[in-house]
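One-letter residues, chain by chain:
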Amino acid sequence: QVQLVESGGGLVQAGGSLRLSCAASGRTLYAMGWFRQAPGKEREFVATMSSSGGSTYYADSVKGRFTISRDNAKNTMYLQMNSLKPEDTAVYYCAARKPPSGSYYTGSYDYWGQGTQVTVSS
């Protein structure tokens, strides 16, 4: 069983930046992803990274603004979010799946964090 703990959410003005962290328990390096869910909407894919960190993939809505990364020595994943927009407001979740490849498909992930709120004011 893998425990995922997110941190780094908060309130920021439009155009600002935040960095989310997701710490995974244990030593296994999983492929990981970030998803988000706004009120009244379905959970949607944001970004994913392979277990090695060598492959990444982004949703079109965040491409060029968000950067996913990981520190395998700490078994921690990050999401650097720049140029934030009000439409980025959501609860952000990190997720882990069997290595090596990441995925944009929500149902392919085995473990989920509790979520962290990101609110972007206009």
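Below, the structure is looked at part by part. Since the model is a prediction, treat every value here as computed from it, not as a measurement. (Residues numbered from 1 in each chain as written. Predicted model: local features only at pLDDT ≥ 70, side-chain atom pairs only at ≥ 80, totals over all residues. Heavy atoms only, no water.)

1. Quick notes on unusual backbone geometry
The linkage connecting proline 99 with the following residue, proline 100, adopts the cis geometry, with an omega of 5°. On the secondary structure map, proline 100 appears in the loop between β9 (90–97) and β10 (111–112). Look at asparagine 75: it is not a glycine, yet its phi comes out positive at around 50°. Assignment of secondary structure puts asparagine 75 in the loop between β7 (66–71) and β8 (76–81). Look at serine 83: it is not a glycine, yet its phi comes out positive at around 50°. Relative to the elements of secondary structure, serine 83 occurs in the loop between β8 and β9. Overall, the relative accessible area of 41% leaves serine 83 in the partly exposed class. (Helix = DSSP H or I, 4+ residues; strand = E, 2+ residues; numbered from the N terminus. Buried < 20%, exposed > 50% of the residue type's maximum accessible area, 1.4 Å probe, protein only.)

2. Re the side chain of serine 21
Checked against the element boundaries, serine 21 lands in strand β3 (residues 18–24). Setting aside anything within four residues of it in sequence, one finds serine 21 in contact with Val5, Glu6, Ser7, Trp34, Thr76, Met77 and Tyr78. (Contact = heavy atoms within 4.5 Å.)

3. Let's talk about the pairing of strand β11 (residues 116–121)
Burial along β11 is one-sided: the face carrying Thr116, Val118 and Val120 is buried and the face carrying Gln117, Thr119 and Ser121 is not. Pairing of strand β2 (residues 10–13) with β11, which is carried by four bridges, proceeds in the parallel orientation. Counted as the bridge partner of glutamine 13 is serine 121 from β11. Pairing analysis gives three bridges linking β9 to β11, with the strands arranged antiparallel. Bridge assignment links tyrosine 92 to a residue of β11, and that residue is threonine 116. (Pairing = 2+ DSSP bridges.)

4. Some remarks on the environment of aspartate 71
Of note, aspartate 71 is situated in strand β7. Given the relative accessible area of 26%, aspartate 71 is considered partly exposed. Sequence separation between aspartate 71 and serine 52 is 19 residues; the distance between their C-alpha atoms is 9.7 Å. Contact partners of aspartate 71, with chain neighbours within four places excluded, come to Thr76 and Tyr78. Here alanine 73 takes part through its backbone nitrogen, which lies 3.1 Å from a polar atom of the side chain of aspartate 71. (Polar contact = N/O pair within 3.5 Å; in protein donor to acceptor, adjacent residues only side chain to side chain.)

5. Looking at the sheet that holds β7
Reading across from one edge, β1-β3-β8-β7 is the order of the four strands in this open sheet, with antiparallel pairing throughout. For this open sheet the edge positions go to β1 (4–7) and β7, each flanked by a neighbour on one side alone. Taken pair by pair, the neighbouring strands of this sheet meet at an average axis angle of 15°, ignoring direction. (Axes fitted to C-alpha atoms, helices over the stretch in contact; angles between N-to-C directions.)

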